Amino acid sequence: MAVENKRPLAKDALAFAQMRGEAADDVVAAVVDGQLKDWRDPIPEGASVRLVHLNDPEALQVLRHTAAHLLAQAALRLFPGTKLGTGPATQEGFYYDMAFETPLTQADLPALEAEMQHIVTERLPIDRREVSREEALELFAQQPFKCEIISGLPEGARITVYTQGGFTDLCAGPHVQHTGQVGALRLLSLAGAYWRGKAGNPMLTRVYGTAFADETALARHLEMTEEAKRRDHRVLGRELKLFTFVDEAPGMPIFLPNGMALRNTLESFWREEHRLAGYQEIRTPMMMNRSLWERSGHWDHYKDNMYFTDVEGVPYAVKPMNCPGAILAYQSESHSYRDLPLRYAELGLVHRFELSGTLHGLLRVRAFTQDDAHLFVTPDQMEAELARVLELVDHIYRVFGFPYRVELSTRPQDAMGSEELWERAEAALKQVLEERAVPYTLNPGEGAFYGPKIDFHIQDALGRFWQCGTVQLDFQMPEKFAIEYIGEDNQPHRPIVIHRAIFGSIERFIAILTEQYVGAFPLWLAPVQVKVLPIASAHEAYARHVAQYFVEHGLRAVADLRDGKIGQKIRQAELEKVPYMAVVGNKELDSQSVAVRKRGVGDVGPQPYRAFTEELLDEIRRQRQRREAK
RNA sequence: GCCGAUGUAGCUCAACCGGCAGAGCACUGGUUUUGUAAACCAGGGGUUGUGGGUUCGAGUCCCACCGUCGGCUCCA
């Protein structure tokens, strides 16, 4: 039943539009003093107002929120007895979490979508009403999840319900004027989701969909989703033979020669940058006696994510982190304050047990290599050293051209150590960020168990953010292991440890690189940099000679000596996304040259192969040292 | 781990209501000697993820386990 407003609202956005002599039909919300408001909200005297029309960007979230209500309404029409959870709009569309009496399957989606379309054509007006808590509880007596939400609302909270046709939902809004304004919608997928996102709660069925003002915009969005699939690093990883996964080692990638070439390039670049930044490389054991992990606190705080084994009755743990090993390295000799800051870098392969459902290609694995480092510093050096780390992170990310986002994560629930030390550590990280004017967001309660951290999230080509770099302050490990240095006063002092990683995990970084470049890696990273393609078997020896010359001069080159036509060899090299092809036939043989073909461009003309080599080497140098002019 | 889906040749995918497991690409052999995105002919390749069950008969139906995919939770 439609609900009438007993008292007409003061002046709402529609009235406002009419007052200004504008069309009000397609007004779906208003931005009042910078905040998105329901069009039904009264507009206070003197506020700054911008009307949001159906085709404005802000309208999308309003329209999608309404689409979620359409979904709930359709579900109740088709499956009475369905219990409703919540149904918000998202970046990409909307979803609604519901508990169905019989499990919903993919096959039910078309009928559900058709019912939604039907409601759109009904053009049902959407009315809002404010209700008391008692009234709300009565209204949703059949909806236990809604009752839970209502009961959880703070005293005196404004409770609103929206009604369209016979369907009423508890909702804070905003919503469009009538269901006909949801111009184009599509149900996409089904998933399970814990009620209120808590693992102990019942699992609801989440139906995902998306909605737009019109079909054209929807079609464009679906096309972009298709495009996104082409960039998936798992697909590209197989096509380009970078890595593979086997059932025998879930979540543990096998790096194939191409992936290994890419990886080695990243690692040698990383080693060089760290050498210049004053780091020394170490390597620590893959597994160590369990007692070490008991001492470090990992046993208490990280046991569920670790792998264990027994050798001759001695319990061992496979390392999930590199820090204890680095501490042992530090302890191998006594240190003076003159040694500090001491920077131990380690490309450390760690194993972490992750729940099976969370694995995702190279982005989420159970075995990965952290480009780790542990910096041992005096309290005085802490801030300068943190600043140096931020600079190195920035420097390395610039080479890849990634924009990144910074988050400061603070004390978690199961934190180790005193509150006072935590506060000091958090203050130090905050200060360094603020001094350098790095924009960051606060992530309360998300720190590591031994200290707060600054995380670097890199956006992939599809706009998703992944945590890569991390800088963590640790006052705990030095205490646990009682490490020290001799100060100027000839007395022992406790150093502070800074843990940090820049790629984060080489595996994850490679996944992001792959998606970023759609597999077409820049020359310096490409697994095969140049492929020599002989026209006919008569040019085989020359092709081999040229390829060998490339290899001897530091290029990753191969010759395609198969019996086949040049067109076929080119096609294959293009599909393999090899940056350069060097075609050799009679002309090239006579002039000691190669006919250069550039990936994605085509034939760019002949060149003496020696000069071509120099050009490639130069291009590689430039790419590897790319700096943004400051 | 949880919810749902799914698993056929190295890859992408066929195989009706339960009735002889197939194609393209890739691979191997041969023919061909080729000039900028796919030459031609032939051949090999499978205990249909694993283990049970139903049935005269299972890729197909049922159960369990494993992997994968989409999410949730978690995280580099």
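Caption draft 1: Quick peek at the protein's contact with RNA strand B. Near RNA strand B, the surroundings consist of 51 residues, among which Tyr194, Arg364, Val365, Gln467 and Asp563 are the closest. Counted by atom, the contact set of RNA strand B within 4 Å of the protein is 47% sugar and phosphate. A distance of 3.2 Å separates a base oxygen of RNA strand B from a polar backbone atom of Lys587. Of all elements in the fold, only strand 9 (184-194), strand 10 (203-212), helix 7 (233-239), strand 22 (465-474), helix 17 (566-575), helix 18 (586-591) and strand 29 (593-598) reach the threshold of two or more residues within the surface near RNA strand B. For the surface near RNA strand B, the leading source of residues is helix 17, giving seven residues. Of the residues that constitute the surface near RNA strand B, the class distribution is 19 nonpolar, 14 polar and 18 charged.

Caption draft 2: Highlighting the layout of surface pockets. Space inside the largest pocket adds up to approximately 1,200 Å³. Considering the residues around the largest pocket, the lining is formed by 43 residues, among which Tyr302, Met321, Arg352, Lys453 and Gln467 are closest to the centre. At the level of elements, helix 10 (298-302), strand 18 (367-377), strand 19 (404-409), strand 21 (453-459), strand 22 and strand 25 (496-505) are the ones that each hand at least two residues to the lining of the largest pocket. Examining the composition of the lining of the largest pocket, we find that five residues originate from one element, strand 25, more than from any other. Classifying every residue of the lining of the largest pocket gives 13 nonpolar, 17 polar and 13 charged.

Caption draft 3: Local environment of unusual backbone geometry. Cis geometry marks the peptide bond from Gly173 to Pro174; its omega dihedral reads 0 degrees. Its place among the elements puts Pro174 in the loop between strand 8 (167-170) and strand 9. Residue Pro341 follows Leu340 across a cis peptide bond; omega there is -5 degrees. The topology assignment puts Pro341 in the loop between helix 11 (323-330) and strand 17 (342-351). In this structure, Arg123 takes a positive phi of about 45 degrees despite not being glycine. As for its position among the elements, Arg123 is in the loop between helix 3 (109-122) and strand 6 (126-131).

Caption draft 4: Structural detail: the pairing of strand 22. For strand 22, the tally of buried residues reaches eight of 10 residues, placing the bulk of the element in the interior. Bridge count for strand 21 against strand 22 is six bridges, and the pairing is antiparallel. In the strand pairing of strand 22, Gln459 is matched with Phe465. Direction of pairing for strand 22 relative to strand 25: antiparallel, over a ladder of five bridges. When the bridges of strand 25 are listed, Thr470 appears paired with Ala501.

Basis of the calculations
Residues numbered from 1 in each chain as written. Chains lettered and ligands numbered in written order. Predicted model: local features only at pLDDT ≥ 70, side-chain atom pairs only at ≥ 80, totals over all residues. Heavy atoms only, no water. Near = heavy atom within 4 Å. Polar contact = N/O pair within 3.5 Å; in protein donor to acceptor, adjacent residues only side chain to side chain. Helix = DSSP H or I, 4+ residues; strand = E, 2+ residues; numbered from the N terminus. Nonpolar A, V, L, I, M, F, W, Y, C, P; charged D, E, K, R; others polar. 1 Å grid on protein atoms, 1.4 Å probe; cavity = no way out; pocket = protein on both sides within 12 Å on 5 of 7 lines; lining within 4 Å. Points joined across faces, edges and corners; volume = space filled by probe spheres on them. Buried < 20%, exposed > 50% of the residue type's maximum accessible area, 1.4 Å probe, protein only. Pairing = 2+ DSSP bridges.

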